[in-house]
8 protein chains.
Amino acid sequence: MNKFAETLTPDNAVLAMIDHQTGLLVSCRDQDPHLMTANIKGLSMMAKTVGMPSVITASMPEGPNGPIMPEITDILGDNIINRAGEINAWKSPEFRHAIEATGRKKIIMAGIVTDVCLMFPAISAVAEGYDVYAVVDASGTWNSAVAEASIHRMTQAGVKVATWASVLAEVMDDWRSEHGLALGGVLGEHTSYRWVYNSFLQANSQ
Amino acid sequence: MNKFAETLTPDNAVLAMIDHQTGLLVSCRDQDPHLMTANIKGLSMMAKTVGMPSVITASMPEGPNGPIMPEITDILGDNIINRAGEINAWKSPEFRHAIEATGRKKIIMAGIVTDVCLMFPAISAVAEGYDVYAVVDASGTWNSAVAEASIHRMTQAGVKVATWASVLAEVMDDWRSEHGLALGGVLGEHTSYRWVYNSFLQANSQ
Amino acid sequence: MNKFAETLTPDNAVLAMIDHQTGLLVSCRDQDPHLMTANIKGLSMMAKTVGMPSVITASMPEGPNGPIMPEITDILGDNIINRAGEINAWKSPEFRHAIEATGRKKIIMAGIVTDVCLMFPAISAVAEGYDVYAVVDASGTWNSAVAEASIHRMTQAGVKVATWASVLAEVMDDWRSEHGLALGGVLGEHTSYRWVYNSFLQANSQ
Amino acid sequence: MNKFAETLTPDNAVLAMIDHQTGLLVSCRDQDPHLMTANIKGLSMMAKTVGMPSVITASMPEGPNGPIMPEITDILGDNIINRAGEINAWKSPEFRHAIEATGRKKIIMAGIVTDVCLMFPAISAVAEGYDVYAVVDASGTWNSAVAEASIHRMTQAGVKVATWASVLAEVMDDWRSEHGLALGGVLGEHTSYRWVYNSFLQANSQ
Amino acid sequence: MNKFAETLTPDNAVLAMIDHQTGLLVSCRDQDPHLMTANIKGLSMMAKTVGMPSVITASMPEGPNGPIMPEITDILGDNIINRAGEINAWKSPEFRHAIEATGRKKIIMAGIVTDVCLMFPAISAVAEGYDVYAVVDASGTWNSAVAEASIHRMTQAGVKVATWASVLAEVMDDWRSEHGLALGGVLGEHTSYRWVYNSFLQANSQ
Amino acid sequence: MNKFAETLTPDNAVLAMIDHQTGLLVSCRDQDPHLMTANIKGLSMMAKTVGMPSVITASMPEGPNGPIMPEITDILGDNIINRAGEINAWKSPEFRHAIEATGRKKIIMAGIVTDVCLMFPAISAVAEGYDVYAVVDASGTWNSAVAEASIHRMTQAGVKVATWASVLAEVMDDWRSEHGLALGGVLGEHTSYRWVYNSFLQANSQ
Amino acid sequence: MNKFAETLTPDNAVLAMIDHQTGLLVSCRDQDPHLMTANIKGLSMMAKTVGMPSVITASMPEGPNGPIMPEITDILGDNIINRAGEINAWKSPEFRHAIEATGRKKIIMAGIVTDVCLMFPAISAVAEGYDVYAVVDASGTWNSAVAEASIHRMTQAGVKVATWASVLAEVMDDWRSEHGLALGGVLGEHTSYRWVYNSFLQANSQ
Amino acid sequence: MNKFAETLTPDNAVLAMIDHQTGLLVSCRDQDPHLMTANIKGLSMMAKTVGMPSVITASMPEGPNGPIMPEITDILGDNIINRAGEINAWKSPEFRHAIEATGRKKIIMAGIVTDVCLMFPAISAVAEGYDVYAVVDASGTWNSAVAEASIHRMTQAGVKVATWASVLAEVMDDWRSEHGLALGGVLGEHTSYRWVYNSFLQANSQ
């Protein structure tokens, strides 16, 4: 089994949410803000649901970057590592220690903006032996061309480019697993699948 | 003042939500489902916030069309006019009476799918002297070409093609009006403007 | 009631399918060919289902324009008016007589290409007092910009720009009407709604 | 000569720039921010160049909407009418008086967001007999579908939908006019035409 | 018969090609340059083929606007009216006289850029009683949003928005007409239809 | 010859159709549903035509995921492996045994949704030495960005990203092969090529 | 120097034009036909201009695939290798011998459709040690998603994905080379660069 | 640490701006010209701000290619290496010496057009051991498909595909670094982030 075939479990991974700050979010134009928000919330709920440790970091939130979006802190809590200046979160000792403290070698990362706050720590962590899932749809950036260039560069460097729903499904593994049903609920709640479920319930109840 | 310059107030209009049923929603591909959902919720909250009467109708919800999406009933209640077969809601006596009972001559309409459930009653009501706002972004349909054709036909027939945020703003009229601040909150909650507001609060509090 | 609020019935309209010939179809690039085909078949089935008279015409099918696509003749038969040269079908005496013979004053028209084979007869017929529904998604043309220009010009001239599903729904009027269920079946068969129906049947049968 | 054929001159029109505030600008996703900025600057420079009077207004700039973008005040000055609550600028007595004080009956308007801050005063002014040019590309809004709906509704109400370069050219009228060359410079400075001019100068000088 | 149903003939129309200059062509980004070129050549060939009079005008071609593209002069000759400054060609006495000298009241117009060089003379001519076909796909402009705004404004002012292939077909009228076959050849030569024709010839010859 | 240059034959490959269930199909928005359906049918017909073994699996079809789409079972039969919970079909012993029982080491896979039901088993099988063709256009997912990310990750892991028509052509190899003409018919039936064929037949018969 | 940094010269490469047949060209929808034609002609002219050997092949041109497009044979002559059935041209002994007879190990390939007629021989040739440039914009296929999948698979297999203008520039190497000016002319003739050149000539001559 | 994880510093890299000439810029259609300009200016300002050496080169600027755009020379000066004919700047001894003279082994490159002026020297330099950042959004080319093909080929050859903002952030490293604040200013000045900053200042000052 090669490295690209290894998979996530609730026990082997940590979630890193990097710089999803309100002043940066408004700069993102590679996907609709409502879609981006749903993806971010879904990814956060995945971690909470299975008890996966998470690390939230912000870059100078007291400045124009602004605070971490409440959609994240409402789910994952407001234990935020405020970096005093490091752009690449991987260079923040506090951030790295938080990751290392989990003892886990797989990191699920998302960041705003994709080409900086996600790409830099993703590449750095891979270079040190971590297996990184860069969740590009729970991230965002200036425009689609920037997102596409970042995907190429991360893939070239050995990062696994991922999406939030596939990460959830990889963690879930089986509908009969401990968190299977709950994770299915998270998926539905943050996609149009909930309407399929609503229809099913009504049809099934007749 | 011509008819196209008349404006909405909390007291001269009624909201009609037509066939936002789960089995129809999944068929819509002219806008992202998360954006469509936010638009529908925002429009519903507008009515609730100012106490504007609303009429919800569904077409045979016990069949594959499925139930009205919970996002609407959670806000506007589940007093739904279930039509037994009329496609054009305007041809349903119960629906028409509900509109007429409000005594209002301006109707804010949204419907799934745009080219049928919204367009037919919009054109019918205009023909009988109503002033109709067809909220195309709180509606949805098969694809963008269908939506565009519907916009042309509704405009040709004298319907005002509108969007949910402009309807909210038209009803709001002034930030100092009775419901001004509350409506501003509704706008923010359902657009990326909430992030602007989050940033402002933090910067302002320092 | 103004003219734009009048509606189609099985008894007041005739379907005109103009120049859907294989040599012209391959030139269309304003929508995916599979979508265009489904729209054309759906519109044809609508007429057959309710027994609405239809007129099919072709422009010099023995030449490079080629034969009428079998998807149409399989449904509506091969009684085709082969025009010897007239580009605007409305100028073909045989075509006009076929329309007039039905005694109907509403014409549902589709044609390949939109900007010629549909637009010309649509505008001509409106000028002579007919109520024309130009079904733009059961038509097709060189590219999207050409389709958009045609929509503006037809709307300006008083043509009703329509889509096949909205025409079907307008003819259907009520699910309890004579052809209600059959038309619902036609709609499902030619859209993704059939999957909604499949899901419903299975859920409902348990 | 009908109203739609009347034209702008430096002496018959006033420019109204409505709510181009930094907290609203970041919400616009119907065109690239750099293109939107260039369009806004070009339109402002047009007025300055010909000495056309301009009126700038802001909606509660001390709140999250933020200040008027410096790109405008750098050109047109910071004489801003801060509205205390009116959403439709036309309902602000101070704004209306500023327009009326110019004695001009043609208004070139732009606003953020298109569907509210531009559309409402545009329709209101037309209803009172003004000839309004709604400069849609020096405006901006949530997404392209909202922009398109607004264009249909403004056109329906008698507003002239315009673009900044066409407004400049209409005011310019003739390259030999008083401001001809200067306006040509403004056009070049805010479009890719400046590169054509650079190439010309170099080739011509050899 | 209303004005919008009148049609072009080789004898009732004149072609006006306005400002298709190399320095302006490179600024157009609303359609691919190869498509735009084919449309322009096809429209020019239509006029030449039926002997329809044409008027070519340029705006200061000795400056950065550059010369009329050779694709036009190769077909229609280099009898060009060089305007010394008038932006709206309709305001050039020489241009107007050239149009009036033909004695024709229908003008087929194309221009670069759409929102200025085409839109202004199109609206002006309509206001003076001409029937104007604005050929938007043999024109071009900065981007698609500008093109769309121009289509709305021209339609509002009574201009017929058209495309080159539909103009050719309207002039052709019948494949058996004097210029029928030649015009069919022009259509094929400037669209993908030539491949359909190539295939036909080979299949037919076996 | 490296692994990426090996090719499919009717005898060395097995087709795996994974989770094309009606409740999942309606969630796909990365391609038009009619195009997706044609691709799925074409791929299924390819296998049937050459007698290639196929394995169909579904994830909890009695729930909201719904049944396998009839378009597949009509062609390949309803011998479906219903997984009781495994998300990655490769982890289902019954599915793996079905694949292994064919003795073939090349797997043509398609699945709904691409980023889960196709990507997981594709990567797993490659890791165990299989040569996997992931047919991305006979699959579908939430939106185009998700599809693109999945293509990058599958390619990185050594999966061959493919399309249904190229798979058919690879299996066909030669028009003179045993199934050559039949496969050509399948290709035509599920693409616009059938119109080319219709035109040819008519031209050739004259 | 690794293989990916080797470059083309007039003397080390051969051009292979595969299956650009009229019946296949009309099926391409991943780029505008006029752009595709210009790219194909430009690539062909490159080879002719430098005297690079070329091999043209067609798949059963007497059938619905139709003849090689005249745009190619007009430039490269009609010495065509008609394959009797092989889909992958590399499997045609006559085609391979034609390539081998040139003694060159770099092949510039283009083909219709990209995912079959270009991709198969490109991958096969790379596997046998050739350096293959797959000119994707002088090729074409069903839609953009198919083109994108093919680009990923060819890149994975070691093919160099290229565009016609970059191939021309690589062969040209230096404007002062033997064919430098002539190749510059070819580039201009098949791109919008010719307008830049026209402008330059006029400005320079004054 | 592998090569793909190495990072830029003000001291280990040189900026190469290749052929951003006015006659080539007007040929670019893969991104809006205003966005492209902002990206180019931002990248140039990055180098100036940190005192990074830069090399500007032009290809025959006295001809139709025209002069280097003033946006670059205004920032980086007009010390331009005019190549007499070499297309691949890497083959120009003067250009190579300028790079080598800096003693730096990392090159940040941008060029017009992407597929030639950027791609060729990027691949050549990587082959000789340099670490090349190809800044694709400060480059430009004929259309998006050409840009995408170039990204695949450069990535395949070991070039790091990058964007200007990520390059700036990589050089910046830390907001507290010597040039941190200044670089933050450059970022803001050339993106919509400046509006976020304007809003922050105003809110913070109250």
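Not measured: the values here are computed from a predicted model.

This paragraph deals with the overall build of chain A. Secondary structure assignment for chain A yields 9 helices and 6 strands. Over its C-alpha trace chain A gives a radius of gyration of 17 Å, about what one expects of a compact globule, namely 17 Å for 206 residues. Sequence separation of 24 or more characterises 78% of the internal contacts of chain A that already satisfy a separation of 6 or more.

Before going further, it helps to examine the environment of E:Pro10. Residues and elements named next belong to chain E. Within the fold, proline 10 resides in the segment before strand S1 (13-18). For proline 10, a count of 18 C-beta atoms within 10 Å puts it in the partly exposed group. Proline 10 sits 134 residues away from serine 144 along the chain, and the two C-alpha atoms are 31 Å apart.

Bringing the arrangement of the chains into the picture now. Separated without contact, chain B and chain G have their nearest C-alpha atoms at a distance of 18 Å. The closest approach of any C-alpha atom in chain F to one in chain H is 11 Å; the two make no contact.

Below, the discussion takes up the relation of the copies chain F and chain A. Of the two same-sequence chains, chain F is brought onto chain A (RMSD 0.0 Å, axial shift 0.0 Å) by a rotation of 90 degrees. Both chain copies can therefore be described as sitting about a four-fold axis. Residues of chain F ranked by C-alpha distance from the rotation axis are headed by F:His152, positioned 5.6 Å from it.

Residue and element names in this part refer to chain G. The 6 strands lie next to each other as S3-S2-S1-S4-S5-S6, forming an open sheet whose pairing is parallel. Two strands in the sheet have a free side with no partner beyond their single neighbour: strand S3 (80-83) and strand S6 (160-162). Between one strand and the next, the sheet's axes are offset by a mean angle of 25 degrees, whatever the strand orientation. Pairing between strand S1 (residues 13-18) and strand S2 (residues 54-59): 4 bridges, direction parallel. Bridge assignment links methionine 17 to a residue of S2, and that residue is isoleucine 56. Contacts from helix H7 (residues 164-172) reach strand S4 (106-111), strand S5 (131-135) and S6, with the element oriented near 135 degrees to S5.

We now examine the sheet that holds strand S5 (residues 131-135) of chain H. Residue and element names in this part refer to chain H. The 6 strands lie next to each other as S3-S2-S1-S4-S5-S6, forming an open sheet whose pairing is parallel. Every interior strand has two partners, whereas the edge strands, strand S3 (80-83) and strand S6 (160-162), have only one. In this sheet, neighbouring strand axes are inclined to one another by 25 degrees on average, regardless of whether the strands run parallel or antiparallel. Where strand S1 (residues 13-18) and strand S4 (residues 106-111) come together, 6 bridges link them in parallel fashion. Bridge pairing in S4 places valine 14 opposite isoleucine 107.

So, about the interface of chain F and chain A. Facing 24 residues of chain F, the contacting portion of chain A comprises 28 residues. Elements with a minimum of two residues in the side of chain F that touches chain A: helix H5 (114-127) and helix H6 (144-156) of chain F. In the side of chain F that touches chain A, the residues fall into 14 nonpolar, 7 polar and 3 charged.

A separate point is helix H8 (residues 180-189) of chain F. All names here are of chain F. Within the sequence span of H8, burial applies to Leu183, Gly184, Val186 and Leu187. Angular distribution of buried residues about the axis of H8 spans 155 degrees; they occupy a single face of the element. Residues of H8 that are buried sit in contact with helix H2 (33-50), helix H7 (164-172) and helix H9 (193-204).

Residues and elements named next belong to chain D. For strand S4 (residues 106-111), the tally of buried residues reaches 5 of 6 residues, placing the bulk of the element in the interior. The pairing of S4 with strand S5 (residues 131-135) spans 4 bridges and is parallel. The residue of S5 that forms the bridge with methionine 109 is alanine 134. Handedness of the crossover joining S4 and S5 through helix H5 (residues 114-127) is recorded here as right-handed.

Scoring rules and cut-offs
- Residues numbered from 1 in each chain as written.
- Chains lettered and ligands numbered in written order.
- Predicted model: local features only at pLDDT ≥ 70, side-chain atom pairs only at ≥ 80, totals over all residues.
- Helix = DSSP H or I, 4+ residues; strand = E, 2+ residues; numbered from the N terminus.
- Rg over C-alpha atoms; globule rule 2.2 N^0.38 Å.
- Contact = placed C-beta atoms within 7 Å.
- Buried ≥ 20, exposed ≤ 12 C-beta atoms within 10 Å, placed from the backbone.
- Least-squares fit on C-alpha atoms with pLDDT ≥ 70 in both.
- Pairing = 2+ DSSP bridges.
- Axes fitted to C-alpha atoms, helices over the stretch in contact; angles between N-to-C directions.
- Nonpolar A, V, L, I, M, F, W, Y, C, P; charged D, E, K, R; others polar.
- Arc of directions from axis to C-beta.
- Right-handed = clockwise from strand over helix to strand, strands pointing away.

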